[in-house]
Structures are given as C-alpha cells and as structure tokens.
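# Summary of the model geometry
Spelled out, the chains give:
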Amino acid sequence: MSSVAEGRCHHVDVSSITDGPRRATLRTSDGVRIEALHQPCTAGKTDLAIVVAHGFTGSVDRPAVRRAAGVFAGRAGVVTFSFRGHGRSGGHSTVGDREVLDLAAAVAWARSLGYGRVVTVGFSMGGSVVLRHAALYGGAAAQRAGEHTPEHEGRTGARDVRGVRGVLDVHDARDVRDVREARDVRGARDAHTDAVAAVSAPARWYYQGTAPMRRLHWVVTRPVGRLVGRYGLRTRIHHKDWDAVPLSPVEAVPLIAPTPLLIVHGDRDAYFPLDHPRMLAAAGPCELWLEPGMGHAENAADDGLLGRLADWLARA
C-alpha cells in the first residue's frame, strides 16, 4: 500500500479536457437536479478523473469533501457533487437507493469533459452507492447485457428484462420505468466506472448494531427525525420506505468484476464494525485495506490515506 510520489498524474492526450474549475447543474435520468463541481488536476493535464461520492449529510462544499478533492486533484481531475436531498441539489435523499442515478450523471459528466478514464470513490452511504453503481453500470451484469447501462435500479425481484436472467431482475412497474429512464438518458452508456473504491461502506441494509446507526435510523424513519435531518443536518430525507429493497452492497460485489475494486475500512469505525468490510471482501474479487486507528468515512480519512486511494485508482 505504498504511495506513488505526490504530484504524479496519469498522463495521456487530453487536449479536449475542460480547463479550470467549473460548477454545473446535472440532471439525472429521473429528472433530479444535481449540483456538481469539476476541479482540474493541479499537476497538469491528465486523462484520469476521480468522481467522489460523499457520505450521508455531506455535500460538495463540506470541508471533508473539499479536503479529499484537494488531495485527489494532485493525481487526477476531480468531480464532486451533492447527492439528491443534500446541499443545493434537488429532490430528497433515499439513503442509497436512487442515489445511484446521481452518481451515474456525475460519471457521465466527467466523460463529457474529455476524460478517458473515470473512476469512483465513495464514503459510507457513498460507498454503498459506488458499489451498486459499479455492478449496475459495468462489470459482469453489463457484460452479459452487452452494454454499460443498468438493466434496472438494482431492486430484487422476479421479472427479467432483456435477458439478463440470473444477474439482475426487476420487481414491479417502477423498476421497468427506471430501466427506460436509464436507457433514455443522454450519455448513459458513458456512466460506467473504470475502477471503484468503497470506504467505510456497509455490507448490508438496515444495520442497527451500533449506537450511531440506531440514531441514523431514527433520523431516517421518524417524522421528527426527518425534521432534525432537514434543519439540523441540512439533509432532506424522503418520507417513503424503499419499494422494493435495492440490491445490497454485498449482493453488488460479485457483479462488479472485472472492474477493479478496493474496499477500505477503519478498525475504529463507530458505525460499521469490521464484519462489514470482511463480508464485502469475501463476496467477490477485490483488494481489502483495514486501516489501523481510522474512524468513519471522509472525516476520518487523513491525507496519507487519500493519497494512497488516488494512487490505487490511477494504477487500477
């Protein structure tokens, strides 16, 4: 896990890449407005872009996200964005379900800027999203479908769409609608990732084995909790339960290969204990880093770890 010297970028012919920082409002395939920011590589032109998926209650302008983007920008161009219900993005948070469409829009935007290689890194909730995104927009599922677009949103069920039986099924009319939306969105085939890193990600849904996760579930599931989320945490949370339950992170992992996958987790994570990264690592081909003394997500990731993450993504 040694680091490549800082300041190195993955250099290719990049004459088409947009110069300078740029803010944009993206639109997802289900019509949600997403705020996004492009930050060029500070070491010169590069063909590599890192798309950063923040954790629950984060946003593009949160200090921990900006610090991570600053470190990553020493190796690559960086796209950060706010998930739905966060920051100045529209919509309401679905806590990892529809957020896969937000990430797809950000990845497609990075490619539209001229980057030839686009990789993703996600923290906590964002970690679960990058895993599902890599499975649904690339990897084994897309190979069997013959294209880099999702067969559905990753919800479990019984009805097959376009012959990807045994990999991804859909459950109801809502899933069929999501398939059509994803196919129709401009640039959907450019929404796949070339490598993925999930930091402090859960392996399974509905985990309440730690006090922080019990508090989070209260925020998400109770009307008073959602008020706290809106006004205290600046996060607008959807009031409806999942229908149906999305593909879980551990179910997504086997579908990601051959896309390179890295799982990173701190041994002092107060939200998800070490059985979560170990379960993810056992589910499919990947590299696992267990970080001594690290807590949870982007707030706990120091510059050294962020640098190693960027170096891994550049080499993958």
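Residues numbered from 1 in each chain as written. Predicted model: local features only at pLDDT ≥ 70, side-chain atom pairs only at ≥ 80, totals over all residues. Heavy atoms only, no water.

Now for helix H9 (residues 275-283). Looking at H9, one finds that the buried residues are His276, Pro277 and Leu280. Across the axial projection of H9, the buried residues extend over an arc of 95 degrees, all falling on one side. The inward-facing, buried residues of H9 contact helix H3 (125-136), helix H8 (249-252), strand S9 (261-266) and strand S10 (287-291). (Buried < 20%, exposed > 50% of the residue type's maximum accessible area, 1.4 Å probe, protein only. Helix = DSSP H or I, 4+ residues; strand = E, 2+ residues; numbered from the N terminus. Arc of directions from axis to C-beta. Contact = heavy atoms within 4.5 Å.)

So, about the layout of surface pockets. Empty space within the largest pocket amounts to approximately 1,200 Å³. Looking at the largest pocket, it is lined by 47 residues, and the ones nearest its centre are Phe56, Val95, Met125, Leu216 and Val220. Where the lining of the largest pocket is concerned, the elements lending two or more residues are H3, helix H6 (211-221) and helix H10 (297-300). A total of 8 residues in the lining of the largest pocket trace back to one element, the largest contributor, which is H6. Residue composition of the lining of the largest pocket, grouped by class: 20 nonpolar, 15 polar and 12 charged. (1 Å grid on protein atoms, 1.4 Å probe; cavity = no way out; pocket = protein on both sides within 12 Å on 5 of 7 lines; lining within 4 Å. Points joined across faces, edges and corners; volume = space filled by probe spheres on them. Nonpolar A, V, L, I, M, F, W, Y, C, P; charged D, E, K, R; others polar.)

Below, the discussion takes up the confidence of the model for the protein chain. The predicted model of the protein chain has a mean per-residue pLDDT of 84, with 78% of residues at 70 or higher. Counting interchain partners and residues more than four positions distant, the pLDDT-below-50 stretch residues 1-16 has 37 contacts. Low confidence marks residues 145-187, where pLDDT is under 50. Its contacts with residues over four positions away, or in another chain, come to 105 contacts. (pLDDT = per-residue confidence, 0-100.)

Summed over the entire model, instances satisfying the criterion amount to 12 salt bridges. Between arginine 111 and aspartate 194 there is a salt bridge whose closest N-O contact spans 3.0 Å. In this pair, arginine 111 is assigned in helix H2 (residues 99-112) and aspartate 194 in the loop between helix H5 (173-184) and strand S8 (196-199), connecting sequence segments 83 residues apart. A relative accessible area of 14% means that arginine 111 is categorised as buried. Taking the relative accessible area as the measure of exposure, aspartate 194 reaches 24% and is therefore partly exposed. Where arginine 308 meets glutamate 291, a salt bridge forms, and the shortest distance between an N and an O atom there is 2.6 Å. One end of the pair, arginine 308, is in helix H11 (residues 303-315); the other, glutamate 291, is in strand S10, and 17 residues separate them in sequence. For arginine 308, a relative accessible area of 14% translates into the label buried. One salt-bridge network, in which partners are shared between bridges, spans Arg23, Glu35, Asp61 and Arg88. (Salt bridge = Lys/Arg side-chain N within 4 Å of Asp/Glu carboxyl O.)

Here we come to the nonpolar core. Core analysis: the biggest nonpolar cluster contains 51 residues, and Leu26, Val51, Phe81, Leu131 and Leu280 have the highest contact counts within it. The dominant element in this core, judged by the number of residues it contributes, is H2, at 10 residues. Discounting residues that sit within four places of it in the chain, leucine 131 has contacts with Ala198, Ala201, Pro249, Ala252, Val253, Ile256, Leu261, Ile263 and Leu280. Among the nonpolar cores identified, the runner-up in size contains 29 residues, and Leu48, Val52, Val119 and Met294 belong to it. (Core = buried A, V, L, I, M, F, W, Y, C linked by side-chain atoms within 4.5 Å.)

This paragraph deals with the packing of aromatic side chains. Tallying each qualifying case throughout the model produces 4 aromatic pairs. Seen in terms of ring centroids, tryptophan 205 and tryptophan 242 are 4.9 Å apart; in terms of plane orientation they differ by 65 degrees. Their pairing is edge-to-face. Placement of the pair is tryptophan 205 in the loop between S8 and H6 and tryptophan 242 in the loop between helix H7 (223-231) and H8, with a sequence separation of 37 residues. The exposure class of tryptophan 205 is buried, given its relative accessible area of 14%. (Phe/Tyr/Trp six-rings, centres within 6.5 Å; stacked < 30°, edge-to-face > 60°.)

Here we take up a nonpolar patch on the surface. Residues Trp218, Val224, Val228 and Leu233 make up a contiguous nonpolar surface patch of roughly 320 Å² in combined accessible area. By the secondary structure assignment, leucine 233 is in the loop between H7 and H8. (Patch = residues over 30% accessible without salt bridge, like charges linked within 9 Å, V, L, I, M, F, W, Y side chains within 5 Å. Areas by Shrake-Rupley, 256 points an atom, 1.4 Å probe, with all protein chains shown as cover.)

So, about the side chain of arginine 132. Looking at where arginine 132 falls in the secondary structure, it is placed in helix H3. For arginine 132, a relative accessible area of 0% corresponds to the buried category. A polar side-chain atom of arginine 132 sits 3.1 Å from the main-chain carbonyl oxygen of leucine 247. (Polar contact = N/O pair within 3.5 Å; in protein donor to acceptor, adjacent residues only side chain to side chain.)

Moving on, we come to the sheet that holds strand S3 (residues 48-53). Taken together, 8 strands build an open sheet; the order of strands is S1-S2-S4-S3-S5-S8-S9-S10 and the sheet is mixed. One side of each edge strand has no neighbouring strand; the edge strands of this open sheet are strand S1 (22-27) and S10. Taken over all neighbouring pairs, the strand axes of this sheet differ in orientation by 20 degrees on average, direction set aside. As defined by bridge partners, S8 adjoins S9 across 4 bridges and the pair is classed as parallel. Within S9, the residue paired with alanine 197 across the bridge is leucine 262. Along the sheet face, helix H1 (residues 63-72) touches strand S2 (33-39), S3, strand S4 (77-81) and strand S5 (117-123) and points at about 165 degrees away from the line of S4. Relative to S5, H3 is tilted by about 140 degrees, and along the sheet it contacts S3, S5, S8 and S9. (Pairing = 2+ DSSP bridges. Axes fitted to C-alpha atoms, helices over the stretch in contact; angles between N-to-C directions.)

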